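Survey of secondary and tertiary structure
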Amino acid sequence: MVHLYNLHPFGSQQVVPCKQEPEQFCGGGRDALFVAAGCKVEAFAVSGQELCQPRCAFSTLGRVLRLAYSEAGDYLVAIEEKNKATFLRAYVNWRSKRTENSRVCIRMIGHNVEAPFSETFRDQMSIIEMPLSEAPLCISCCPVKGDLLVGCTNKLVLFSLTYQIINEEFSILDFERSLIIHIDNITPTEISFCTGYVAVMSDLEVLVLKLESDPKNRGSVNHHPHKTNSPMKPAEEGISNETSHLESDDFVMCQKPMELLGEKSKQSGVSVTLESTGLTDEKIKYFHVQHLLYRRFAPDISSYVLPDDIKLHSLQLLPIYHTGSLSSNGKNSSQEKELLSLFCFYSLPHVGYLYMVVKSVELMSIYQYPEKCQQAVLTPQFLHVITSNNLQCFTVRCSAAAAREEDPYVDTTLKACPPVSMDVCALRIQLFIGLKAICHFKNHIILLSKADPEAIPERRESPKRLLSRRDTSVKLQTPPVAEAGWNLYIVNTVPPVQLYKEMVDYSNSYKTVKTQSCIHLLSEAHLLVRAALMDAHQLEPGEKAELLEAFKESCGHLGDCYSRLDTQHAHLALPYYKMSGLSMAEVLAQVDWAAEDGSQKYERGLIFYINHSLHENLDEDLSEELAAKVVQMFHVAEPKQLPYILCSPSMKNINPLTAMNYLRKLDTSGFSSILVTLAKAAMALKIGDLETHRKEMKSHSEMKLVCGFILEPRLLIQQQKGQIFPTELAVHLKETQPGLLVASILGLQKNNKMGIEEADSFFKVLCGKDEDMIPQLLVDFWEAQLVACLPDVVLQELFFKLTSHYIWRLSKGQPPDSTPLRTSEDLINACSHYGLIYPWVNILISYDSSADKNYTEDLSKLQTLWWKKLLPELCQRIKCGGEKYQLYLSSLKETLSVVAVELELRDFLNVLPEDGTAAFFLPYLLYCCRKKSLT
């Protein structure tokens, strides 16, 4: 289905001052137009809105049959006819042609130019003649590399663009015939070539190939023809043989229509052969062929139409490049573009087909023309089509497909883009009498119109009247001289931002009537801006900033549509609003809050956006007024989400009394859960109602409360601008129920809701300690982790943390800042990682009457870990070196000094690591021995 709008993509127009009726014409990069007529080519300067001015002219060998320009290399190539013979010639350095009579150098392809002639080539145009064994039929230049592909009967010839280096400051352009692609039974009428991708078209067939440059398949290209494809199927061979026997004036044999994509296109029966013609194997660019697409059409002979009415035309490969992929080294920026995506277009008189052909081959869009199409040209933004009396502008989906190739986050909650499958539309059908040909470059459309005198009626008749009087004679106004009038026009397309604004204004008429039409037109506007941004090398200075602003605005418009209109894709409001750069407050400010009695209907898209935004902990605080409206919205639309959204940092300005009232309404409506209880307890704490807080916390068991905190971690911990903040509830639990708090944080860690380092930081911030100080509540958490049986990788780090802290407190005589939750006996009974206390530890404790309970507890806990776990781990870390090498080494020496004094020799030997260096431990062993002898 094709939507039809009445927009204005075409701007001003002017007439090209040609001297003769154009036979061929094409754009020349950013600033030139070439027109071939008779035996001459005229070049015109085209710059912005200024008038087109003649630039230079040069003679050709004969009448120009085909004309093409390559921005890479800045050369013009033509197929010329003289005395029924055809010639292929390239015109290089044409910008140096000052006058028509200026000297021109003619040379053969591959001819080595000697140094004395270098100055001559620098300042004059050169013509490179490229002889072929067969007549050239069509040509195409690679827009990236500048290589030239020439179509002949049953084969394609590839000329690689090269440079002959004359000296360090000067080189001249040249070509080298490097490859012949033999294609059986196809006579190309049009070809297109882009970075190894080849599209070939005959009257009723289209074939798309990719020339692979993988050297692993080097053996499939020889200096002699070598088949690389599967042969025809037996059934098709039979048809072909039958055809040869039944050829006569009485029979017309037509093959059935066929469309084959990807690997299946090998079954087309078209045999492709590569023949290398390079001078050396090292210069071979392509080694084998990959088939991408084959399409064959059958003529509708039942309608008895003329052959021209069923022929294919307008074959084109359209590349889209990576944004900002240009590099600084090199002579021509167009040679350094990195291909992102590639599209193939071709057309029949009444229908056009657009395919994507890079990573996957698929049909993207089908264009049904309201009238017979003469020719079409594809751009990243539009498809321009000419009929006999109209210039038509259709939208395309190239930017939508390329966006998904370039950005993996498209089609997620982060980013969105209108779908490739979205129906195309016609933006404009502009009246233009007698259109014959079209081409496009930059923001210009070149049109050739030619009024046919034999087709001009004496007076205008409506199409219906002309059809109804088909059998009657129509008087024609024939001029005295049977020569039709012609004109060559340059039509400027309007700037993308100007057309975008018109499309947005147009969409406003659909907002209250047709939801899908509004979304469709805004999606077209979004794709228009996105395509312009992708075509960055065409942008003028200052245009990109304006386009980026329009892009964000278009995302905001689409977000508004999906959030407020009843559509099945309401979830797209979230990514579009994110891409718009609008804050949550700015989005909410546009919401209609008229109904406050609870009867207000909030669409799914808006609820989805607000819900996700509040869950993502955006660094944005809503005002008390907006926070209250959000609570009211969710009370009406999604009451089950209320406890969650109240935990969002963005909702911290909510009046706790307002929140409490809505939470109590959940209870009265029969909705109850542990989350509601915890949310009410948190709000009661903010109000200062400790009695209600205690009542709510006692209404469930500790295990259920832990489950509630796991469901919503933001009841305890919140994060803004990369910083961790314990909630008021967490601070209160630290003083009143530290065991519940530790168990809840442990539950969050076990359920992957909190990382190890994040948990450590949480307890340090909660207890007001800096990074170097370790609060007792964090030690309690570490001990709880051991009891919880965490993976071995985590355990080794945990052992080191605990034993290091035990040793630090013992050596400094530093008591814990709060009462430990577990004693050494509790840990021994609950966890296998804590072993029985060695007898010598009890002896040490009994001898030291000054030791307090905290000291004895740390020593008891230490000995069940230290001897088996910490000492080998400490030695291993010393061996690894690093920043803390000196710290670990001093800790080990200090520990060994204490142990050598306190332990007997046998016990001391038992705790030493088995892989330790004897020389390092020897002084401590000697001291332990002397100590015994002295006593």
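Residues numbered from 1 in each chain as written. Predicted model: local features only at pLDDT ≥ 70, side-chain atom pairs only at ≥ 80, totals over all residues. Heavy atoms only, no water.

**Remarks on the sheet that holds strand β17 (residues 197-201)**
Counted only if it meets this: Strand pairing is defined by DSSP finding a minimum of two bridges between the two strands. Strands here mean DSSP runs of E at least two residues long; helices mean DSSP runs of H or I at least four residues long; both are numbered from the N terminus. Here an angle of 0 to 180 degrees is reported between the N-to-C directions of two axes, which are lines fitted to C-alpha atoms, with helices fitted over the stretch in contact.
With antiparallel pairing, the 5 strands of this open sheet are ordered in space as β16-β17-β18-β22-β20. Each having just a single partner strand, β16 (190-194) and β20 (258-261) make up the two edges of the open sheet. Taking the axes of each pair of neighbouring strands and ignoring which way they run, one obtains an average angle of 20° across the sheet. Examined bridge by bridge, strand β18 (residues 205-212) and strand β22 (residues 288-296) share 8 bridges and lie antiparallel to one another. From the neighbouring strand, Val-208 faces β22, where its bridge partner is Leu-293.

**Focus on the sheet that holds strand β6 (residues 53-59)**
What holds strands together in a sheet is hydrogen bonding between their backbones, with the strands either parallel or antiparallel. Pairing within the open sheet is antiparallel, and its 4 strands lie in the order β3-β4-β5-β6. With partners counted over all chains shown, the strands left at the sheet margins are β3 (24-28) and β6, one partner each. Here the average twist between neighbouring strands, direction ignored, is 20°. Pairing between β3 and strand β4 (residues 32-37): 5 bridges, direction antiparallel. By the bridge assignment for β4, Phe-25 is matched with Val-35.

**Side note on the confidence of the model for the protein chain**
Note the threshold: Residue-level confidence of the predictor is what pLDDT reports, using numbers from 0 through 100. Working rule for contacts: check all heavy atoms of both residues, and any pair within 4.5 Å makes them a contact.
Averaged over the protein chain, the pLDDT score is 82; the fraction of residues at 70 or greater is 81%. Note on residues 217-248: pLDDT is under 50 here. Beyond four places in sequence and across chains, it has 55 contacts. Within the model, pLDDT remains below 50 along residues 325-335, and this stretch shows 24 contacts once partners closer than five positions in the same chain are excluded.

**Considering the nonpolar core**
This is how the line gets drawn: Buried Ala, Val, Leu, Ile, Met, Phe, Trp, Tyr and Cys residues form a nonpolar core when they are joined through side-chain atoms within 4.5 Å. Only protein chains enter the accessibility calculation, which uses a 1.4 Å probe. A residue is then buried if its area is under 20% of the maximum for its type, exposed if over 50%, and partly exposed in between.
Judged by nonpolar contacts, the single largest core of 80 residues is most densely connected at Leu-427, Leu-447, Leu-588, Ile-610 and Val-630. Looking at which element gives the most residues to this core, the answer is helix α6 (residues 515-534), with 9 residues. Sequence-distant contacts of Val-630, defined by excluding residues within four places in its chain, comprise Leu-588, Ile-610, Leu-614, Leu-622, Ile-645 and Met-651. The next biggest cluster of nonpolar side chains, apart from the first, holds 47 residues, and it includes Val-206, Val-270, Cys-344 and Val-357.

**Looking at unusual backbone geometry**
At Asn-93, a position not held by glycine, the phi torsion is positive, near 55°. For Asn-93, the location among the structural elements is in the loop between β9 (85-92) and β10 (104-108). Look at Asn-93 and you get partly exposed, because its relative accessible area is 28%.

**Concerning the pattern of salt bridges**
Basically, it comes down to this: Here, a salt bridge means any side-chain nitrogen of Lys or Arg that lies within 4 Å of a carboxyl oxygen of Asp or Glu.
Enumeration according to the criterion identifies 24 salt bridges in this entry. Between Glu-712 and Arg-714 there is a salt bridge whose closest N-O contact spans 3.1 Å. In this structure Arg-714 comes out as buried when scored by relative accessible area, which is 7%. One salt-bridge network, in which partners are shared between bridges, spans Asp-31, Arg-55, Asp-74 and Arg-95.

**What to know about helix α14 (residues 674-687)**
Cut-off, in case you're wondering: Each residue after the first adds 1.5 Å to the expected span of a helix.
Helix length check: α14, at 14 residues, gives a terminal C-alpha distance of 20 Å against a target of 20 Å (1.5 Å per residue), a fit within 8%. Among the 14 residues of α14, 12 are classified as buried, and the element is accordingly described as predominantly covered. Following α14 by one or two positions, Gly-688 has its phi on the positive side, about 95°.

**A few points about the state of the cysteines**
Heads up, the rule is: Here, two cysteine sulfur atoms that lie within 2.5 Å of each other are counted as a disulfide.
Using the criterion set out here, one finds 0 disulfides in the structure. Cysteine Cys-141 remains unbridged, with the sulfur of Cys-26 as its closest cysteine sulfur at 8.7 Å. For the unlinked cysteine Cys-417, the closest cysteine sulfur is that of Cys-555, found at 9.1 Å.

**Remarks on the packing of helix α10 (residues 604-615) against helix α11 (residues 624-637)**
Applicable threshold: Roughly parallel refers to an angle under 35 degrees, roughly antiparallel to one over 145, roughly perpendicular to one between 65 and 115, and oblique to any angle outside these ranges. A crossing counts as left-handed when the near helix is turned anticlockwise from the far one by less than a right angle, and as right-handed when that turn is clockwise.
Running from N to C, α10 and α11 cross one another at 120°; their axes reach a closest spacing of 11 Å. Looking at the two axes, α10 sits oblique to α11. The way α10 lies across α11 gives a crossing that is left-handed. Across the interface between the two elements, Leu-606, Ile-607, Ile-610, Asn-611 and Leu-614 of α10 pack against Val-630, Met-633, Phe-634 and Ala-637 of α11.

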